[in-house]
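The lines below spell out each chain.
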Amino acid sequence: MLSYTDSVMGSAQSKPEFITVLGDKQVGIGKEISLSCETNTEGLKVTWEKDGEKLICVQDKHIMKQDGTKCSLKILNADERDEGNYTIKLKNKLGTDSCSAMVLVELKEWRTVQWKQNAMVDSLKEFKMDNDQVRELNFLLFGPVGAGKSSVINTIKAVFEGRYCVICPVAAQSTKSNTKTYEKYSIRREGVIPLVFYDTMGVEKQESAGVRTDDIINALKGHITEDYAFNPILQILEGNPQYRMNPSLCDRIHCLVNVVRADKIALMDEEYINKMKKVREAARTMGILQVVFMTDVDLACPLIKDSLRYIYRSRKIKENMQKCSNLLGVPVNCIFPVKNYHEETDLNEDTNCLMLDALKRIIPSAQEYVVKCSTNTT
Ligand SMILES: Nc1nc2c(ncn2[C@@H]2O[C@H](COP(=O)(O)OP(=O)(O)O)[C@@H](O)[C@H]2O)c(=O)[nH]1
Ligand SMILES: [Mg+2]
């Protein structure tokens, strides 16, 4: 039964509830963002929050309206600072209710990708090593356990070979390395494409767990041969049958690919970073090209979940690339966000194009490194 005070201007007031809730928004920079909802009753006290804090209404930027049961918030001239989680809170003396929505602001595209896989595959499949000593470019994948190193190799093979197969064993989400040996993978597409990818055991936090940094440094120098079983306790020693005594330029690694997860960059422990820095330092001394593949982009940004084509418009990806650059000391233009095949079995053109774009940008620099080394030795 309603009391006199439960009645406002003739209409019965009830506990606040939403008739319609806020919807997620995705807008371009400079556009207007409009969040609106409808409540079941009038006369409510309404507050707006952004990322859990009361929204301070800025003149010529925010317009908050409450018209009967309709509530709205307009944000004018959207920029990256407007991105976030917006909540509307309703209150009257009978109770409270709230609902939230994500606002994503697409930045101006800062790196362009040619989203046409046939053209990119065609140009890469023509790639040849124009060098007497080195017939193939060697890439080594290195990084924390579970970062997606083996998945990168499976994705690259799928892109070129036109079908997805788990050739390189991938771990179920776990903290122990599924890759135990030094594995070599070649790429085929109407013949062999002269790109070779070496998979390694993952880096672990503890001193005597995971791959040893001295083993990776030896692999970069070409001392380790295929199928070597990594031993976390002891590095490979001269005299081991899989230790190559006098590696030539074609046995060496021409590009170090550091692999890290986009959604875990801020959470990377110092121990991982220190081990990765040690390897990077050695690679720098040798003059080897170093890049970073930032995997799991689909988990790092909701914009990407819907379409990979937003990758270079995403604030989250941009921020993660910057964080990654600061942590590992790699320039942002050597960092490539990529998405691996992990749950899907059908190939996707955008996934392929993003990986192809990264390779297209890296290959010429790796080739240049080979040319520089061969001129130095002749
Ligand atoms: N969502 C998502 N999962 C991924 C991606 N790349 C790898 N994974 C998953 O992450 C886990 C670890 O991958 P794996 O390649 O074995 O990592 P590695 O230890 O570095 O070789 C596997 O369960 C993969 O399916 C990605 O781009 N997106
Ligand atoms: Mg692996």
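Residues numbered from 1 in each chain as written. Chains lettered and ligands numbered in written order. Predicted model: local features only at pLDDT ≥ 70, side-chain atom pairs only at ≥ 80, totals over all residues. Heavy atoms only, no water.

1. Some points on the pattern of salt bridges
Step number 1: Summed over the entire model, instances satisfying the criterion amount to 16 salt bridges.
Step number 2: A salt bridge links Asp-269 to Lys-205, with the shortest nitrogen-to-oxygen separation between them at 3.6 Å. Residue Asp-269 is located in the loop between strand 15 (255-261) and helix 4 (270-286), and its partner Lys-205 is located in the loop between strand 14 (192-199) and helix 3 (213-220); the two are separated by 64 residues in the primary sequence.
Step number 3: Lys-205 gets classed as partly exposed once you look at its relative accessible area, which sits at 34%.
Step number 4: One salt bridge connects Asp-350 with Arg-309, and the closest N-O pair in it is separated by 3.0 Å. Linking Asp-350 in helix 8 (residues 349-377) with Arg-309 in the loop between helix 6 (302-306) and helix 7 (315-328), this pair joins segments that are 41 residues apart in sequence.
Step number 5: You can call Asp-350 buried: its relative accessible area is 16%.
Step number 6: Taking the relative accessible area as the measure of exposure, Arg-309 reaches 38% and is therefore partly exposed.
Step number 7: Among the charged side chains, a network of salt bridges with common partners joins Glu-83, Arg-315 and Glu-319. (Salt bridge = Lys/Arg side-chain N within 4 Å of Asp/Glu carboxyl O. Helix = DSSP H or I, 4+ residues; strand = E, 2+ residues; numbered from the N terminus. Buried < 20%, exposed > 50% of the residue type's maximum accessible area, 1.4 Å probe, protein only.)

2. Notes on the domain arrangement of the chain
Step number 1: Here the domain parsing of the chain yields domain 1 (4-106) and domain 2 (117-377).
Step number 2: Placing the centre of domain 1 and that of domain 2 at their C-alpha centroids yields a distance of 46 Å.
Step number 3: Counting residues at the interface gives 7 residues for domain 1, matched by 7 residues for domain 2.
Step number 4: Here domain 1 meets domain 2 over a buried area of about 680 Å², counting both sides, of which 55% is carbon and sulfur.
Step number 5: Looking at the side of domain 1 facing domain 2, the largest losses of area belong to Gln-26, Glu-83 and Glu-106, adding up to 60% of the total buried there.
Step number 6: One can count 1 salt bridge joining domain 1 with domain 2.
Step number 7: Counting across the domain 1 and domain 2 interface gives 2 residue pairs in polar contact (both at pLDDT 80 or more).
Step number 8: It is strand 11 (residues 95-106) that contributes the most residues to the side of domain 1 that touches domain 2, 4 residues altogether.
Step number 9: Tallied by class, residues from the side of domain 1 that touches domain 2 come to 3 nonpolar, 1 polar and 3 charged. (Domains from an automatic or database assignment. Contact = heavy atoms within 4.5 Å. Buried area = accessible area lost by both parts, 1.4 Å probe. Polar contact = N/O pair within 3.5 Å; in protein donor to acceptor, adjacent residues only side chain to side chain. Nonpolar A, V, L, I, M, F, W, Y, C, P; charged D, E, K, R; others polar.)

3. Quick look at the pairing of strand 6 (residues 45-50)
Step number 1: Direction of pairing for strand 6 relative to strand 10 (residues 84-92): antiparallel, over a ladder of 6 bridges. Within strand 10, the position partnered with Val-46 by the bridge is Leu-90.
Step number 2: Joining the antiparallel neighbours strand 6 and strand 7 (residues 53-54) is a turn of 2 residues, in which Asp-51 adopts a positive phi near 50°. (Pairing = 2+ DSSP bridges.)

4. As for the packing of aromatic side chains
Step number 1: Summed over the entire model, instances satisfying the criterion amount to 6 aromatic pairs.
Step number 2: Ring centres of Tyr-182 and Tyr-198 lie 4.9 Å apart, and the angle between their planes is 15°; on these two criteria the pair is classed as stacked. Taken as a pair, Tyr-182 in the loop between helix 2 (149-161) and strand 13 (183-188) and Tyr-198 in strand 14 lie far apart in primary sequence, 16 residues in all.
Step number 3: For Tyr-198, a relative accessible area of 12% translates into the label buried.
Step number 4: Consider the rings of Tyr-182 and Phe-230, whose centres lie 6.0 Å apart with planes at 80°: the pair is edge-to-face. One end of the pair, Tyr-182, is in the loop between helix 2 and strand 13; the other, Phe-230, is in the loop between helix 3 and strand 15, and 48 residues separate them in sequence. (Phe/Tyr/Trp six-rings, centres within 6.5 Å; stacked < 30°, edge-to-face > 60°.)

5. Topic: the sheet that holds strand 17 (residues 335-337)
Across a sheet, paired strands are connected by hydrogen bonds in the backbone, their directions being either parallel or antiparallel.
Step number 1: In space, the 6 strands of this open sheet follow the order 13-14-12-15-16-17, with mixed pairing throughout. Each of the sheet's edge strands pairs with one partner strand only, and the pair in question is strand 13 and strand 17. In this sheet, neighbouring strand axes are inclined to one another by 25° on average, regardless of whether the strands run parallel or antiparallel.
Step number 2: Of the strand pairs in this sheet, strand 12 (residues 137-142) and strand 15 are connected by 4 bridges, and their pairing is parallel. Residue pairing in the sheet places Leu-141 in a bridge with Val-257 of strand 15. (Axes fitted to C-alpha atoms, helices over the stretch in contact; angles between N-to-C directions.)

6. A few points about the sheet that holds strand 7
Step number 1: The 5 strands are arranged 4-11-10-6-7 in an open sheet whose pairing can be described as mixed. Because the sheet does not close on itself, it has two edges, and the strands there are strand 4 (25-28) and strand 7.

7. Points about helix 3
Helical geometry note: an α-helix holds 3.6 residues per turn, so side chains three or four residues apart project in the same direction.
Step number 1: Along helix 3, 7 of the 8 residues are buried, which leaves the element largely enclosed by surrounding structure.
Step number 2: Of the residues making up helix 3, those classed as buried are Thr-213, Asp-215, Ile-216, Ile-217, Asn-218, Ala-219 and Leu-220.
Step number 3: Buried residues belonging to helix 3 abut strand 12, strand 15 and helix 4.
Step number 4: A positive phi of about 90° marks Gly-222, the residue just after helix 3.

8. Concerning the packing of helix 3 against helix 4
Step number 1: Helix 4 packs onto helix 3 with a crossing angle of 25° between their chain directions and a minimal axis gap of 9 Å. In terms of orientation, helix 3 and helix 4 fall into the roughly parallel class. Relative to helix 4, helix 3 is oriented so that their crossing is right-handed. Residues Thr-213, Ile-216, Ile-217 and Leu-220 of helix 3 form the contact with helix 4, whose own contacting residues are Lys-275, Lys-278, Val-279, Ala-282, Ala-283 and Met-286.
Step number 2: Taken together, the residues that form the contact of helix 3 with helix 4 break down as 7 nonpolar, 1 polar and 2 charged. (Parallel < 35°, antiparallel > 145°, perpendicular 65-115°, else oblique. Left-handed = near helix turned anticlockwise from the far one by under 90°.)

9. Remarks on the side chain of Thr-155
Step number 1: Along the polypeptide, Thr-155 turns up in helix 2.
Step number 2: Look past the residues within four positions of Thr-155 in its chain and what remains in contact with it is Lys-339, Asn-340, Tyr-341 and Met-355.

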